[in-house]
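What the coordinates show
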Amino acid sequence: MIVPDTFVALARTQAYRRKLKFKRSPPHAEQWRRVGSGWFSEVWEHPDYPGLVLKVSGKSGFGSGETDSYTAWPITDAWQVYAQYCQKHPHEHLPQILHFERINASTAWAIMPKYDHAEHTQENKRTRRQWGDWLNGARGAPEWMWPIVGMASSLNFRVDLHTGNIMVRNDGILVMTDPFSIGAT
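Residues numbered from 1 in each chain as written. Predicted model: local features only at pLDDT ≥ 70, side-chain atom pairs only at ≥ 80, totals over all residues. Heavy atoms only, no water.

Overall, antiparallel pairing links the 3 strands, which are arranged 6-8-9 in an open sheet. With partners counted over all chains shown, the strands left at the sheet margins are strand 6 (116-117) and strand 9 (174-176), one partner each. Sheet topology note: the strand 8 (residues 166-168)/strand 9 ladder contains 3 bridges and is antiparallel. Across the sheet, the residue bridging to Met-167 is Val-175, located in strand 9. (Pairing = 2+ DSSP bridges. Helix = DSSP H or I, 4+ residues; strand = E, 2+ residues; numbered from the N terminus.)

Quick look at the sheet that holds strand 5 (residues 108-113) now. Read from one edge of the open sheet, 5 strands run 1-2-3-5-4, paired in antiparallel fashion. What marks the edges here is a single partner per strand, and that holds for strand 1 (33-37) and strand 4 (99-102). Neighbouring strand axes in the sheet, compared pairwise and without regard to direction, differ in orientation by 20° on average. Pairing geometry for strand 3 (residues 52-57) and strand 5, over 6 bridges, is antiparallel. The residue of strand 5 that forms the bridge with Leu-54 is Ile-111. Relative to the sheet, helix 1 (residues 5-19) contacts strand 2 (41-45), strand 3, strand 4 and strand 5, its axis offset from that of strand 5 by approximately 135°. (Axes fitted to C-alpha atoms, helices over the stretch in contact; angles between N-to-C directions. Contact = heavy atoms within 4.5 Å.)

Examined bridge by bridge, strand 1 and strand 2 share 4 bridges and lie antiparallel to one another. Looking at the pairing, Arg-34 lines up with Trp-44 of strand 2. Two successive antiparallel strands, strand 1 and strand 2, enclose a turn made up of 3 residues.

Printed below as a string of structure tokens:
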């Protein structure tokens, strides 16, 4: 999938605007709608580009809006390293990173397809639990996960594979969108 240059430019502006939110508290640009957030990041969509989202990732507290935590506990999101890996090594269970840019050492953004929340079925719970076990060093991980297991171990990333970090593609395939919670300090 090729992302239109017009969306890249629009997303870049929104990402920089969100980076400045703690310094100047600018409102988000018109038409952007926040569709998700976590401790480290925010996810936005724009009505002119259905099926695509912008994810902006920063230091701890960035996605929650807790400015005290953002400055007092400056831990960078591990998703940025993971996203760069996923962009270069596509796989059906990894998020498709269509465009990735760094704003600075602790803030980055990406454009990716919009995924849906996975249902809480027994099969999905089993898959999430198995992926989490493998990321934490259990034997038997499939070959596509070996580099991600190595990333978790060698970079000392904390595995955080909760239900919000596994989503589903339109064709029903589960995607491990954000398996880590903390990166380097």
